[in-house]
Each structure stands twice: as structure tokens, then as C-alpha cells.
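Results of the structural survey
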Amino acid sequence: MSRLSRGPALLMCLILIFLALPTMAQVLQVDNPGQTAGNSPQIQPVVTLQPLRHGVPWRDPNTTGGVIGFAAPAGAHLTYFGGPIISNVQVVQVLYGSGSYNPQVAGSSSPTMGNFFADITTTGLISLMQQYNTNISGGTNQIFGNGTFGGLFQIVPSAGNNGSTIDDSNIQAELLAQINAGHLPAPVLDAAGNVNTLYMIFFPPGKTITQGGSGSFALDASFPAHTHVGDLTFS
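By convention here, each chain's residues receive numbers from 1 onward along its written sequence. Confidence filtering applies because this is a predicted model: local features only for residues at pLDDT of at least 70, side-chain atom pairs given and counted only at 80 or more, and all residues used for totals across whole chains, interfaces and linings. Only hydrogens and water are removed before side-chain values are computed, so all heavy atoms of the structure are retained for them.

This part covers the overall build of the protein chain. Secondary structure elements follow DSSP: runs of H or I of four or more residues count as helices, runs of E of two or more count as strands, with numbering from the N terminus. Of regular secondary structure, the protein chain possesses four helices and seven strands. Counting from the amino terminus, the protein chain carries its helices and strands in the arrangement α-β-α-α-β-β-α-β-β-β-β. With a 1.4 Å probe rolled over the protein chains alone, any residue whose accessible area is under 20% of its type maximum counts as buried; one over 50% counts as exposed, and the rest are partly exposed. Per-residue burial over the protein chain gives 26% buried out of 235 residues. Counting contacts in the protein chain only where the partners sit at least 6 residues apart, residues at least 24 apart contribute 66% of the total. Only heavy atoms matter for contacts: two residues are in contact if any of them lie within 4.5 Å across the pair.

This part takes up the side chain of N170. Here N170 is to be found in helix α4 (residues 168-180). Within 3.5 Å is the distance limit for a polar contact, defined as a pair of N or O atoms, with the added protein rule that one can donate a hydrogen and the other accept it, and that residues adjacent in sequence qualify only through two side-chain atoms. A polar atom in the side chain of N170 sits 2.9 Å from the backbone nitrogen of D167.

In this structure, P111 follows S110 across a cis peptide bond, with omega equal to 5 degrees. Tracing the backbone through its elements, the reader meets P111 in the loop between α2 (103-106) and α3 (113-120). One non-glycine residue, N141, adopts positive backbone phi at about 60 degrees. Along the chain, N141 falls in the loop between α3 and β2 (148-155).

Along the chain, Q93 turns up in strand β1 (residues 90-96). Classification of Q93 by relative accessible area gives buried; the value is 1%. Of the polar contacts made by the side chain of Q93, one reaches the backbone oxygen of V105; its length is 3.0 Å. In this view, Q93 contacts V105, M113, G114, F117, F149, G151, L152, F153, M200 and F202; residues no more than four positions away in its chain are not counted.

Before going further, it helps to spend a moment on the nonpolar core. In plain words, nonpolar cores are sets of buried Ala, Val, Leu, Ile, Met, Phe, Trp, Tyr and Cys residues tied together by side-chain atoms within 4.5 Å. By size, the foremost hydrophobic cluster in this structure holds 22 residues, and its most contacted members are V94, Y96, Y199, I201, F202 and F203. With six residues, the single largest contributor to this core is strand β4 (residues 197-203).

Two rings from Phe, Tyr or Trp (for Trp, the six-membered ring) form a pair when their centres sit within 6.5 Å of each other. Planes less than 30 degrees apart are called stacked, planes more than 60 degrees apart edge-to-face, and all others tilted. In the structure shown here, the tally under the stated rule is three aromatic pairs. Aromatic rings pair up to connect F116, F117 and F149 into one cluster.

A helix's residues, less one, multiplied by 1.5 Å, set its expected span. For α4, with 13 residues, the first-to-last C-alpha span of 18 Å sits near the 18 Å given by 1.5 Å per residue. Listing the buried residues of α4 in full gives D168, N170, I171, E174, L175, Q178 and I179. What you see down the axis of α4 is that its buried residues fit within an arc of 155 degrees, all on one side. A positive phi of about 85 degrees marks G182, the residue just after α4. Directions drawn from the helix axis to the C-beta atoms are what define this arc.

Turning our attention to the environment of V105. One can find V105 in helix α2. Between the C-alpha atom of V105 and that of L95, which follows or precedes it by 10 residues, the distance is 8.6 Å.

This next bit is on a nonpolar patch on the surface. A cluster of nonpolar side chains, L78, M129 and Y132, forms an exposed patch at the surface whose accessible area comes to about 310 Å². Relative to the helices and strands, Y132 resides in the loop between α3 and β2. When its relative accessible area of 38% is taken as the criterion, Y132 is described as partly exposed. Only residues above 30% relative accessible area that lack a salt bridge enter a patch, with like-charged residues linked at up to 9 Å and the nonpolar side chains Val, Leu, Ile, Met, Phe, Trp and Tyr linked at up to 5 Å. Areas reported here follow the Shrake-Rupley algorithm with a probe of radius 1.4 Å; residue values treat only the protein chains shown as occluding. The rule for a salt bridge is simple: a side-chain nitrogen of Lys or Arg has to be within 4 Å of a carboxyl oxygen of Asp or Glu.

Dropping the structure here:
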């Protein structure tokens, strides 16, 4: 073979080798029916890839366990004393007097606390509370369900209940007076007569909230520092 023809011939050999590599790889992966027991092909491990997840999974996706039941785990220390629950909560948002409330608290343009209360009471998150249903022996036969947002109200408290320090007793007295005067909606009850209304009370900056004379903290922003369930007696 002449020197002039060696170059093209070598180039052609290289091209043929590269073209044959994929075919050779496929042949090596196919089981050979003529192989003996001593030359049996190796079994490749199967790798299962889990999809990318955001957040914390409820359980290990690689386990084969069944659905987690509602029974308390061994060693649980949660004790039920037979009291009622708020089965279908009605949230009433109350601004306690005038002041510099945050726009998200006192405003009407989304996002607001009203949006939050309306969303949280009607979403699937309520179903998480059903583990505390009281339809059990010795219970009040209540089941958690969706609730409602009862609206935003701003009250004008009496001077005696609206000092720089406001005690829980002041709040209860003022809440009762405002309901009796028709300035706040009265509590709604479930079929068994249990209260469903929850008053979420927001205070302006500069107020100190106490309970039974014990100090809590001074508010430097509009904050839901107090809540009351509507377990009040009306005159």
C-alpha cells in the first residue's frame, strides 16, 4: 500500500470503529442464551429515584407502611377532660379603640387579616383538627368542620376599660357591653348549644395587657394580643 493511500485507509478504519461502538455495547447488554452457569450475566441493581419534594413529607416515601391511623401512639400524654370544642368557628375581628393599626389589620385592601381568617376557616387545614373530635366515650359528640369569618368591627371602649393598661377583666366587660349595645355580633351556637364564635381582639400601639393583675407585655404594633370565646352571659 502506498504512503498516499495509508492516510485515507486509516481514517476509514477509525470511522468504522466509532460506528460499531454503539452496536457492540448493545450486544454486551443482551443475555446470551448459550452462556453456561459459570458465565451467567450479573444482575444490575434497580435504583428507584424519588421525585423532588418541597417541605417535610408526612412519612418516609421509601417505606411500605400503610396509612397512619388516628390512634394515639404509645406513651402519648394528651388527656381529654370532657370539655367542648369550637366545632365550626366563626371568627369576629375586633379593633379595640382608635390608634395606628397596621394596614393589613385595619385595612380592606388585600392582603388583610380578614382574608387570612376567611381562608384558614374554609381550607383543608380544618381537617387536621378532626383528630380532636369529641364524638368519643365521655365526650361532647362534636366534630370539627369548616368555619366562617364574621367580619371586621372597630369599637369605642369606655374610658374605664381603655387605659394605658388594660386587664382581661376590662376586656370581658367591654366585650359584653359592646355586644349588648349591638355594636358587635352576638355569639352563634352549634346544634348542641356550644359557642362557635371567637373574638380576635387587636389593640393599638402603646397598650399593656394584663390578666388578673399580672403583666404581659406592652404593644408597639397592632397585634392580636387577646382572644375571647363568646362564653358570656347577656342581660
